Amino acid sequence: MLKIKDNVDLKELEKFGFKKEYNQYQFTRITDYGIPMYCIFVTRKHKYIQIKTWGSCMIAGKLQDLLYNLIKADLVEVVE
């Protein structure tokens, strides 16, 4: 399971397009037709990364790019 590191301020996620929504940060990719393709949630309390997808797997590349950028920025760790 992926998790934002404990020493990371979640405001850092805003640099990657996340928006603060209630008790979580959220990144949603919308199609040209206004339909959501995927949404990534990070809860403020536990900082776990949760992903919800709609439709086909064609979005996998863009989703992987975002996760890769978070990992490369040293914001993410793997937990069991």
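Turning our eyes to something else, we now look at the pattern of salt bridges. Evaluation of the coordinates by the stated rule reveals five salt bridges. Here K5 ties to D74 by a salt bridge, and the two come within 2.5 Å at their closest N and O atoms. Taken as a pair, K5 in the loop between β1 (2–4) and β2 (19–21) and D74 in the loop between α1 (60–72) and β6 (76–78) lie far apart in primary sequence, 69 residues in all. Ionic pairing is found between E14 and K11, a salt bridge with its closest N-O pair at 4.0 Å.

Looking now at unusual backbone geometry. Phi is positive for Y22, which is not a glycine, with a value near 55°. Tracing the chain through its elements places Y22 in the loop between β2 and β3 (24–30). Given the relative accessible area of 78%, Y22 is considered exposed. We note that K47 has phi near 65°; this positive angle belongs to a residue other than glycine. Note that K47 resides in the loop between β4 (36–43) and β5 (49–53).

In terms of nonpolar packing, the biggest core is built from 18 residues, with I4, L13, F18, I40, V42, I49 and L70 touching the most fellow members. Secondary structure elements with two or more residues in this core: β3, β4 and α1. Excluding residues that lie within four positions of it along the chain, L70 makes contacts with L13, F16, F18, L75 and V76.

A few words now on the sheet that holds β2. Pairing in this open sheet of four strands is antiparallel, and the strands run β2-β3-β4-β5 from one edge to the other. The outermost strands of the open sheet, each flanked by one partner alone, are β2 and β5. Averaged over all pairs of adjacent strands, the angle between their axes in this sheet comes to 30°, without regard to strand direction. For β2 and β3, the ladder comprises three bridges, and the chain directions are antiparallel. Its bridge partner being in β3, K20 is matched across the sheet by Y25.

Further remarks concern the environment of A73. Looking at the secondary structure, you find A73 in the loop between α1 and β6. A relative accessible area of 38% means that A73 is categorised as partly exposed. Residues A73 and E12, spaced 61 residues apart in sequence, show a C-alpha to C-alpha distance of 9.9 Å.

Calculation notes
- Residues numbered from 1 in each chain as written.
- Predicted model: local features only at pLDDT ≥ 70, side-chain atom pairs only at ≥ 80, totals over all residues.
- Heavy atoms only, no water.
- Salt bridge = Lys/Arg side-chain N within 4 Å of Asp/Glu carboxyl O.
- Helix = DSSP H or I, 4+ residues; strand = E, 2+ residues; numbered from the N terminus.
- Buried < 20%, exposed > 50% of the residue type's maximum accessible area, 1.4 Å probe, protein only.
- Core = buried A, V, L, I, M, F, W, Y, C linked by side-chain atoms within 4.5 Å.
- Contact = heavy atoms within 4.5 Å.
- Pairing = 2+ DSSP bridges.
- Axes fitted to C-alpha atoms, helices over the stretch in contact; angles between N-to-C directions.

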